[in-house]
Each structure stands twice: as C-alpha cells, then as structure tokens.
Amino acid sequence: MSSYTPRNALITGSTSGIGLAIARACAQSGLNVTLNGLGDPGEIEAQRAAIECDYGVRAFYSGADMRDGAAIAAMVRDTTEWMGGVDVLVNNAGIQFVSPVEDFPPEKWDQIIAINLSAAFHATRAVVPQMKGRRWGRIINTASAHALVASPFKSAYVAAKHGIAGFTKSVALELATFGITVNSICPGYVWTPLVEKQIPDTMKARGLTEEQVKRDVMLAAQPTKEFVTVEQVAALAMFLIGPAAAQITGSNMSMDGGWTAA
Ligand code: NAD
C-alpha cells in the first residue's frame, strides 16, 4: 500500500503553536484536518474557517479534553465520521509546569502525564485498528529535546516526554509490518505561547530576568542560539507523512539547534 494517498489528518493541540502550524501545513498539502485544543471559541472557529478558505479542504474541530481518555476515544470516532477516516494522527497537545520537585503540585504532575503522555496512548489505540485495516498510517508524536535529555525543575514534563520517546519506539515495532510508521519530533525551544508562558515561572524558580531566561536558560542549551520555528517543525512532520519517509519508523528526530549533540 505504499502508493496510498492520505486524505485526512487529526492533530491534537492544534489551536495554537506547533499543532496549528502542522494542521495548516497538512491542509496546504490537500489533507482534510481536524483541529483540537482549548481556547476562545470564536478564535478557534476563525482558525478552522481560515483553513477551509485558504486551502480548499474540509476542517473540523473537536474540543476533546486530552486529560480524558473517553473523550479522546470519542474524538477519534467523531473525526472518523466527519472526515471518513484518520490517515495521519499527530499527538501534539502538551503543557508545561516549572517547579522544584518538592513543591511540584501533584495535580500538575497528573495533568502533565495525562496530556503529554497518556493522551497519545488513548488516541493511538483508537486509530490503530482503522490504520491496520488500510495497511497505511502515520503517527507523529510531538516529543521534545526533553525526551532525550533533562533540565531541572521540569520533572513531570521530562518524565512524560521520555515516556513518549519509549512509546514511539514500542508502537513502531508493533506496527512495522502494517504500513504504519510511528515517529516523534524532538524540538528544542520553539517560539510559541507554551514557551512564552513558562518565562515567568522560570524567572521565579531561578531568580533571573526575562532576558536572562531567554539567553542563559533557553538558548543557552541551543548551540545555534536561535529558536526553532513552528514552520520548521511542520515541515518535518510533512516529510514524515510523505512517501520518502516510509522506512523511517521508531525514530525520535531531533530539531534542536544542536542541543542534544552536546
Ligand atoms: P501551545 O501552548 O502553543 O499549544 C499547546 C496546544 O495544546 C494548544 O492547542 C492547547 O489548547 C492544547 N492543549 C493544552 N491542554 C489541552 C487539553 N487538556 N486538551 C486539549 N488540548 C490541550 O504549545 P506548543 O509549544 O505549540 O506545544 C505543542 C507541543 O510541542 C507540546 O507537546 C510541547 O510539549 C511540544 N514542544 C514544544 C516546544 C517549544 O519550545 N514550544 C519544544 C519542544 C516540544
């Protein structure tokens, strides 16, 4: 089935940042898309309508909460009905919380593990049967450089992202003979609302100014001293969906300005 042409993509956490960029790139290449995520209903509807208008594909929206396994299963069912199937699943939704481990609120730990790790399991298990049926599928997980290396004060995020790296490899092995590839993208610091929002907490946790956090904490780890862009991450996702990537599976692909080379 290597000649199969994908038609539909479901991207979790796509009302903002990296997920929205991946959704728009999918639509630009002719895929119908389902957006998912939180946010102002009017803004989300405007993003959905803009995708249809800009690219002439169908765009849907699911408000499923990625903390809720049953809601994720329902999202996959709804999406399958709306679009006629899910050829491409991008597990992208994610949150961050920065705190010393002894002060880390247990409810924040649970939320991060649920959204950044368990949601990928719930969505993957729900789409795999139909992908197996077509003997074609692409599952892309947005992991992080923190899937490969750690930073202090991000225990839940690092644990969840290391979990995603392992999940990616395990499921890739299970699905290797079904025409389904499973990979993760491991970006370094990408300039998105998620990064912007963690600046105040990092300032507090480390006693630094905003400029010091950007230069000495964030870009200190990135040898190129530049943020990754959402368009660059989306371009890698599109490559992983395309035919040239058919033999790439179980891979955790770094896009981190050299961070994890050190
Ligand atoms: P973002 O905050 O811009 O987007 C996060 C998305 O997840 C939003 O659409 C948000 O609504 C959604 N989301 C959050 N909680 C949700 C919930 N309970 N249910 C449904 N949707 C929910 O952040 P981003 O930077 O674009 O992050 C996207 C992914 O990329 C995350 O998994 C993040 O860990 C990863 N990542 C980001 C960076 C970076 O530097 N920005 C680096 C490496 C990895």
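What this report covers is the structure whose coordinates are included nearby.

What counts, and where the lines are drawn
- Residues numbered from 1 in each chain as written.
- Predicted model: local features only at pLDDT ≥ 70, side-chain atom pairs only at ≥ 80, totals over all residues.
- Heavy atoms only, no water.
- Phe/Tyr/Trp six-rings, centres within 6.5 Å; stacked < 30°, edge-to-face > 60°.
- Helix = DSSP H or I, 4+ residues; strand = E, 2+ residues; numbered from the N terminus.
- Buried < 20%, exposed > 50% of the residue type's maximum accessible area, 1.4 Å probe, protein only.
- Lys NZ or Arg CZ within 6 Å of the ring centre and 35° of its normal.
- Near = heavy atom within 4 Å.
- Polar contact = N/O pair within 3.5 Å; in protein donor to acceptor, adjacent residues only side chain to side chain.
- Areas by Shrake-Rupley, 256 points an atom, 1.4 Å probe, with all protein chains shown as cover.
- Nonpolar A, V, L, I, M, F, W, Y, C, P; charged D, E, K, R; others polar.

**A look at the packing of aromatic side chains**
Then, in step 1: By the definition in use, this model includes 5 aromatic pairs.
Then, in step 2: Ring plane angle 80° and centroid distance 5.4 Å describe the contact between F97 and F104, whose orientation is recorded as edge-to-face.
Then, in step 3: Ring plane angle 65° and centroid distance 5.0 Å describe the contact between W191 and F227, whose orientation is recorded as edge-to-face. Of this pair, W191 sits in the loop between β6 (180–187) and α6 (193–206) while F227 sits in the loop between α7 (210–218) and α8 (230–241); the two residues are 36 residues apart in sequence, bridging distant segments of the chain.
Then, in step 4: Given a relative accessible area of 21%, F227 falls into the partly exposed group.
Then, in step 5: Note that K132 overlies the ring of F178, its terminal NZ or CZ placed 4.6 Å from the centroid.

**With respect to the site of the ligand**
Then, in step 1: Surrounding the ligand, one finds 30 residues, the nearest of these being S16, N92, Y157, V190 and T192.
Then, in step 2: I18 is positioned such that a nitrogen or oxygen atom in its backbone is 2.8 Å from an oxygen atom of the ligand.
Then, in step 3: Here M66 contributes a backbone N or O atom positioned 2.9 Å from a nitrogen atom of the ligand.
Then, in step 4: Notes on the ligand: free accessible area 830 Å², of which the protein chains cover 95%.
Then, in step 5: Secondary structure elements with two or more residues in the shell around the ligand: α1 (17–28), α5 (155–175) and α6.
Then, in step 6: The dominant element in the shell around the ligand, judged by the number of residues it contributes, is α6, at 3 residues.
Then, in step 7: Split into classes, the residues belonging to the shell around the ligand amount to 15 nonpolar, 13 polar and 2 charged.

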